[in-house]
There are 4 protein chains.
Amino acid sequence: MATNRKATSRSKDNLKRGAARLRSGAPEAGPETAVDTVAPGRADRRAERRAAILTAALDEFSTRGFAAARLDDVAHRAGVAKGTIYLHFDDKEALFQELVRSFLIPQVAMMEQAPVGELSSRELIERFLERFLTEIYTTRRREVLRLILTEGHRFPALAEFYYREVVARGIAAIRMVLARAVARGELSGDALVRFPQLLVAPLLMSIVWSGLFDRFAPLDIPALLRAHLDLVFGERKTT
Amino acid sequence: MATNRKATSRSKDNLKRGAARLRSGAPEAGPETAVDTVAPGRADRRAERRAAILTAALDEFSTRGFAAARLDDVAHRAGVAKGTIYLHFDDKEALFQELVRSFLIPQVAMMEQAPVGELSSRELIERFLERFLTEIYTTRRREVLRLILTEGHRFPALAEFYYREVVARGIAAIRMVLARAVARGELSGDALVRFPQLLVAPLLMSIVWSGLFDRFAPLDIPALLRAHLDLVFGERKTT
Amino acid sequence: MATNRKATSRSKDNLKRGAARLRSGAPEAGPETAVDTVAPGRADRRAERRAAILTAALDEFSTRGFAAARLDDVAHRAGVAKGTIYLHFDDKEALFQELVRSFLIPQVAMMEQAPVGELSSRELIERFLERFLTEIYTTRRREVLRLILTEGHRFPALAEFYYREVVARGIAAIRMVLARAVARGELSGDALVRFPQLLVAPLLMSIVWSGLFDRFAPLDIPALLRAHLDLVFGERKTT
Amino acid sequence: MATNRKATSRSKDNLKRGAARLRSGAPEAGPETAVDTVAPGRADRRAERRAAILTAALDEFSTRGFAAARLDDVAHRAGVAKGTIYLHFDDKEALFQELVRSFLIPQVAMMEQAPVGELSSRELIERFLERFLTEIYTTRRREVLRLILTEGHRFPALAEFYYREVVARGIAAIRMVLARAVARGELSGDALVRFPQLLVAPLLMSIVWSGLFDRFAPLDIPALLRAHLDLVFGERKTT
DNA sequence: CATGAATGAGGTTTCATTCAT
DNA sequence: AATGAATGAAACCTCATTCAT
């Protein structure tokens, strides 16, 4: 096994995928992505490795599931030795939870963003759905989200964390927007205000569907979300 | 309830027997115990055991997940020896798939039922959602459904089976109802006709939510489904 | 690896030594030693295996020490698979403690035996020391005793068990004998009555010495014990 | 394991320094700190670190046992990095042996001291026992001695070293004293002359007892040793 | 048929040792 | 010299699967 020449090599098959991966949502980009070859950064090595492990773990957990994933494979894929994982994470479970959490932080931040501007409610919701597409669905975060859906049951702490930090806040934010829409007469019934989950349900379904049926029945998610918007706000005037 | 071909098949043909068994809904019940309390039923023992194993497996797989569930526990819970499981199922994976399939058959049948009578489209959809509640959500089938959502990814054959037998047919059936609704002017846009998944999305969400967040944020699913109906067909006049 | 032919073979190199071993103090002899080939005894197999594992464990723990001993080697030596150990013992630690306890029971019983008869105190003590020689020092129990001395520190529960069941009782019993000796004028000072440990110290030393120095400085323990007796009761008249 | 080429090889001057170090009794002390408190001492740092490691190692080995002790913990406790240990000792085993040896040197020297003066034999032995108390039992050397007793079995070279340098000489010295006592009529039988080990046995027992049973059955060692003296030389006239 | 003891591959985790910085 | 991140062999333990009874 190659050991420490990460700066020059980084384990054949890992660099390409690692780079591609990080561009689309890796937990911690690392500062060198900007210039890429300035200084190796002695202490940055650590963060780099940690990120590599997390990315590899996402791969393995996503395809195999938590229990069936082997840390051996994670290590291999990350280009590190098995023991190295334990320098960064207490155990397999901690690795999983850190993985989810680290990928979640941006989402938490996203929830915070006030829907500024004087947009129509439909536009606000539209933006929201679009952001789901660009920030999650077309991203590795989709896999993390799926992990929460599929494994969350066995990680109560994680489920609670996700609920408190993302779901509860998200629901509240959406409800406010919807309430405004109703107040402004942009939305007729109060069904959505009472159950904002209905607005989000298609997003969950996208995640689930893509994981289960995409192989033989791909779904046009953007179109589905547009249709959802139509359902909620009524048929769009022009296309 | 049908319980018939037990006598004719036995060993070889697992499929038929499985089908027969699950048409009756839940394996654990065993309706024939009512009729012949006289003799234990020599060959019925087998079916009984099989059902006990399936039920136990559902328990274990649901709480632990497929990979983490131990056949030892399944056997224990079913009141049989570990080896006995292998008299009924080829291996752990087969047990899982049989479990899902057997619990699925009734659902397949359900899809078949023509939307009899001359009901309004809203009523039809209402019936559909109600049936979800009574036949699935308040049933052990909810757990099976969750198993498909959480483990289906690792069982492509199962996912495909589920898609072909349940999802595709269900989508088609729902689409027909929705198309009729549009034709009759009971539904305005064609969003749902193009994406009947939108009608089902809240059902999935119920399953997911109940598995993850019920502990600290229970959701009133019946109310949610009524709200969904309102969203789709417009606010109900009277209650 | 040979797998299941235990009934016929039992792993080449194990039978001989196993037999030899058990004759000299194995925890549970097993019923077949009497007739040896009558019936295998289906349920006796279990006890047999357990005994084999304990004996093998004694070997390995004695030569390597608890921490350094490998269960793999224990299994090998016992002629069983690694997993089999876990059918009998919870884990390595439990195996160790069971080992010590099982070998200890006879010693506990030994402590109970009243020093019957109307023997002189010297004779009583002499018998006691002799019993140490025949029951412990020339037995595998010596190794168990050494294990207690060398590993007991890391097993407080075990140390306490040993103290309460063997040491405390032994001390009390010896003290009574010594007190009687003083009362009868067979012993001059009360040093030993106050510290019966002094009577036992040479026994401990035998164990320790045999483990450390026997290779290059063997010690004649019987002679040493006779000398000890002389020291305590005064030079013997005739030899 | 080869262990003794220290004199010829090892980094520079391990032997001299080791000897110097331990003449002062406990490694942590360092006699030179008294003299040159002025400058930290460039090369003294090395000795200081070495001593710190040895002390830390004694702690860890004593509580965990050799095999279970982690060099990580030793390093931590010594306030150095793990790698530093390897700058002073070849490996874990070498560390252990050096530890024992270095603490042993003073004891070797102790054996040498002629029992000068015109003291009674009883007084001589009394002094000997007292020295055990002050120099060993109430000292960290007690732990080292216990390490020899508990781990010596797995370190034949060490056991032999200990036997030749300490035990054999000690036995011989004691025997001389005892022979003199017999010749002078201060001691009746020749039991002790033949087995001087009997005189030392209670000392070993103290070490063993303190390690195993002190928690729930502390033993008054000074009193025990006085009783031992009484046993050997007869009840003391006055107190 | 049913049992459950036995197996052993395989997984997680530890930790002595190395070595670039 | 000192560091401490990295390594990877090795140990414990689990559990799906088999098979003699």
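Residues numbered from 1 in each chain as written. Chains lettered and ligands numbered in written order. Predicted model: local features only at pLDDT ≥ 70, side-chain atom pairs only at ≥ 80, totals over all residues. Heavy atoms only, no water.

Asks: Please clarify how the overall build of chain A should be interpreted in this entry.
Replies: Each helix and strand in chain A was counted, giving eleven helices and zero strands. Element order for chain A, N to C, with α for helix and β for strand: α-α-α-α-α-α-α-α-α-α-α. By residue count, 52% of the 239 residues in chain A fall in the buried class. Considering only contacts in chain A between residues 6 or more positions apart, those separated by 24 or more positions represent 72%. (Helix = DSSP H or I, 4+ residues; strand = E, 2+ residues; numbered from the N terminus. Buried < 20%, exposed > 50% of the residue type's maximum accessible area, 1.4 Å probe, protein only. Contact = heavy atoms within 4.5 Å.)

Asks: Help me understand the side chain of Ser 121 of chain A in this model?
Replies: Along the chain, Ser 121 of chain A turns up in helix H6 (residues 121–137). Reaching out from Ser 121 of chain A, the side chain makes a polar contact with the side chain of Glu 186 of chain A at a distance of 2.4 Å. (Polar contact = N/O pair within 3.5 Å; in protein donor to acceptor, adjacent residues only side chain to side chain.)

Asks: How do you make sense of the relation of the copies chain D and chain C when you look at a structure like this?
Replies: Each of the two copies of the chain can be brought onto the other by a rotation about an axis and a shift along it. With an RMSD of 0.1 Å, the operation that places chain D on chain C is a rotation of 180° combined with a shift of 0.0 Å along the axis. Accordingly, the operation relating the two chain copies is best matched by a two-fold axis. Relative to the rotation axis, the C-alpha of Thr 150 of chain D is the closest in chain D, positioned 2.1 Å from it. Same-surface contact between copies: 100% of interface residues of chain D are shared with the interface of chain C. (Least-squares fit on C-alpha atoms with pLDDT ≥ 70 in both.)

Asks: I tried to follow the nonpolar core on my own but got confused; where do I start?
Replies: Soluble globular proteins: nonpolar side chains tend toward being buried together. Of all hydrophobic cores here, the largest spans 151 residues; its most connected members are Phe 61 and Leu 95 of chain A together with Phe 61 and Leu 95 of chain B. Every residue in contact with Leu 95 of chain B, bar those within four places of it in the chain, is listed here: Ile 53, Leu 54, Ala 57, Phe 61, Leu 71, Val 74, Ile 85 and Phe 89 of chain B. Membership of the second largest hydrophobic core comes to 150 residues, among which are Leu 178 and Leu 199 of chain C together with Val 74 and Leu 224 of chain D. (Core = buried A, V, L, I, M, F, W, Y, C linked by side-chain atoms within 4.5 Å.)

Asks: Hey, could you run me through the packing of helix H2 (residues 44–64) of chain C against helix H3 (residues 71–78) of chain C in this one?
Replies: Packed helices, taken two at a time, are described by the angle their axes make and the gap between the axes. All names here are of chain C. Between H2 and H3, whose axes approach to 8 Å, the crossing angle comes to 135°. Relative to H3, the element H2 lies oblique. Here H2 and H3 pass one another in a crossing that is right-handed. Counting all contacts with H2, which are made through Ala 52, Ile 53, Ala 56, Ala 57, Asp 59, Glu 60 and Arg 64, the residues of H3 involved are Asp 73, Val 74, Arg 77 and Ala 78. Taken together, the residues that form the contact of H2 with H3 break down as six nonpolar, no polar and five charged. (Axes fitted to C-alpha atoms, helices over the stretch in contact; angles between N-to-C directions. Parallel < 35°, antiparallel > 145°, perpendicular 65-115°, else oblique. Left-handed = near helix turned anticlockwise from the far one by under 90°. Nonpolar A, V, L, I, M, F, W, Y, C, P; charged D, E, K, R; others polar.)

Asks: Looking at this structure, how should I read the relation of the copies chain B and chain A?
Replies: For the match of chain B to chain A, the screw axis carries a shift of 0.0 Å, the RMSD comes to 0.1 Å, and the turn is 180°. With an isologous cut-off of 70% or more, the 100% of interface residues of chain B that recur at the interface of chain A puts this contact in the isologous class.

Asks: Looking at this structure, how should I read the interface of chain B and chain A?
Replies: Accessible area lost upon the coming together of the parts is a frequently used measure of interface size. The interface of chain B with chain A comprises 50 residues on the first partner and 50 residues on the second. In terms of surface lost to chain A, no three residues of chain B exceed His 153, Phe 216 and Leu 231 of chain B, which account for 15% of the buried area on that side. Seen at the junction of chain B and chain A, the total is four salt bridges. Our count for the contact surface shared by chain B and chain A stands at six residue pairs in polar contact (both at pLDDT 80 or more). Going through the elements one at a time, helix H3 (44–64), helix H8 (141–151), helix H9 (156–183), helix H10 (191–194), helix H11 (197–212) and helix H12 (221–233) of chain B are the ones with two or more residues in the side of chain B that touches chain A. Of all the elements, H11 of chain B adds the most residues to the side of chain B that touches chain A, at ten residues. Its residues placed into classes, the side of chain B that touches chain A shows 29 nonpolar, ten polar and eleven charged. (Buried area = accessible area lost by both parts, 1.4 Å probe. Salt bridge = Lys/Arg side-chain N within 4 Å of Asp/Glu carboxyl O.)

Asks: Can you walk me through the packing of aromatic side chains in this structure?
Replies: Each aromatic ring pair is characterised by the separation of its centres together with the angle its planes make. Inspection of every chain in the model, using the stated rule, returns 48 aromatic pairs over all chains. Summarising the aromatic geometry, the rings of Trp 209 of chain D and Phe 213 of chain D are spaced 5.0 Å apart at their centres and angled 80° between planes, so their arrangement reads as edge-to-face. The exposure class of Trp 209 of chain D is buried, given its relative accessible area of 7%. What links up through ring pairs into an aromatic cluster is the set Tyr 162 and Tyr 163 of chain A together with Trp 209, Phe 213 and Phe 216 of chain B. Seen from the ring of Phe 161 of chain A, Arg 101 of chain A lies directly overhead, with NZ or CZ sitting 4.4 Å from the centre. (Phe/Tyr/Trp six-rings, centres within 6.5 Å; stacked < 30°, edge-to-face > 60°. Lys NZ or Arg CZ within 6 Å of the ring centre and 35° of its normal.)

Asks: Please clarify how the pattern of salt bridges should be interpreted in this entry.
Replies: Side chains carrying opposite charge are able to pair once their charged atoms draw close together. All names here are of chain A. Overall, the coordinates contain 73 salt bridges over all chains when judged by the stated rule. Close ionic contact of Glu 48 with Arg 45 constitutes a salt bridge, the shortest N to O distance being 3.8 Å. With Glu 48 and Arg 45 both in helix H2 (residues 44–64) and three residues apart, the pair spans about one turn of that helix. Like Arg 45, Glu 48 is buried. Taken together, the salt bridges that share partners define one network made up of Asp 59, Glu 60, Arg 77, Arg 140 and Glu 143.

Asks: Looking at this structure, I do not really get the interface of chain D and chain C. What am I missing?
Replies: Between chain D and chain C, the contact holds 50 residues from the first and 50 residues from the second. Carbon and sulfur atoms make up 75% of the surface buried where chain D meets chain C, a total of about 4200 Å² over both sides. Counting across the interface, chain D meets chain C through four salt bridges. For Arg 154 of chain C, the salt bridge identified is with Glu 151 of chain D, shortest N-O distance 3.4 Å. Viewed at the interface, chain C and chain D are joined by six residue pairs in polar contact (both at pLDDT 80 or more).

Asks: Explain the domain arrangement of chain A to me, please; I cannot follow it from the model alone.
Replies: Residue and element names in this part refer to chain A. For chain A, the domain assignment lists domain 1 (5–89) and domain 2 (94–233). Between domain 1 and domain 2, the residue contacts involve 21 residues of the former and 14 residues of the latter. With both chains or domains summed, domain 1 and domain 2 bury close to 1500 Å², and 72% of this area falls on carbon and sulfur atoms. Counting the contacts that link domain 1 with domain 2 gives two salt bridges. Between the two partners, domain 1 and domain 2, sit four residue pairs in polar contact (both at pLDDT 80 or more). Every element with two or more residues in the side of domain 1 that touches domain 2 is listed here: H2 and helix H3 (71–78). It is H2 that provides the largest number of residues to the side of domain 1 that touches domain 2, a total of nine residues. Grouping the amino acids of the side of domain 1 that touches domain 2 by side-chain chemistry returns twelve nonpolar, five polar and four charged. (Domains from an automatic or database assignment.)

Asks: Please clarify how the environment of Phe 89 of chain B should be interpreted in this entry.
Replies: Residues and elements named next belong to chain B. Note on placement: Phe 89 falls in the loop between helix H5 (82–88) and helix H6 (92–112). Taking the relative accessible area as the measure of exposure, Phe 89 reaches 3% and is therefore buried. Expressed as a C-alpha distance, the spacing of Phe 89 and Ala 78, which sit eleven residues apart in the sequence, is 14 Å. Apart from the residues within four sequence positions on either side, Phe 89 is in contact with Arg 50, Ile 53, Leu 54, Ala 94, Leu 95 and Glu 98.

Asks: Is there a simple way to explain the environment of Ala 51 of chain D in this structure?
Replies: Residue and element names in this part refer to chain D. Turning to its location among the elements, Ala 51 is positioned in helix H3 (residues 44–64). Judged by its relative accessible area of 2%, Ala 51 is buried. Sequence-wise, Ala 51 and His 88 are 37 residues apart; in three dimensions their C-alpha atoms are separated by 10.0 Å.

Asks: Mind showing me how you'd approach the packing of H3 of chain D against helix H8 (residues 141–151) of chain D here?
Replies: All names here are of chain D. Taken N-terminus to C-terminus, the directions of H3 and H8 make an angle of 50°; their axes are 10 Å apart at the nearest point. Judged by the inter-axis angle, H3 sits oblique to H8. In the packing of H3 onto H8, the handedness of the crossing is left-handed. Contacts from Leu 58, Phe 61 and Ser 62 of H3 reach H8 at Glu 143, Val 144 and Leu 147. A class-by-class count of the residues in the contact of H3 with H8 yields four nonpolar, one polar and one charged.

Asks: Quick question: what am I supposed to make of the side chain of Glu 98 of chain B here?
Replies: Residue and element names in this part refer to chain B. Mapped onto the fold, Glu 98 is located in helix H6. Among the polar contacts listed, one links the side chain of Glu 98 to the side chain of Arg 50, at a separation of 2.8 Å. Beyond its immediate sequence surroundings of up to four residues, Glu 98 is in contact with Arg 50, Leu 54 and Phe 89.

Asks: What should I look at first to understand helix H8 (residues 156–183) of chain C in this one?
Replies: An α-helix turns once every 3.6 residues. As a result, residues three or four positions apart point the same way. Residue and element names in this part refer to chain C. With 28 residues, H8 should reach 40 Å at 1.5 Å per residue; the first-to-last C-alpha distance of 37 Å fits that figure. The complete set of buried residues in H8 reads Leu 158, Ala 159, Tyr 162, Tyr 163, Val 166, Val 167, Gly 170, Ile 171, Ile 174, Val 177, Leu 178 and Ala 181. At the exit of H8 stands Gly 185, carrying a positive phi of roughly 80°. (Expected span 1.5 Å × (residues − 1).)

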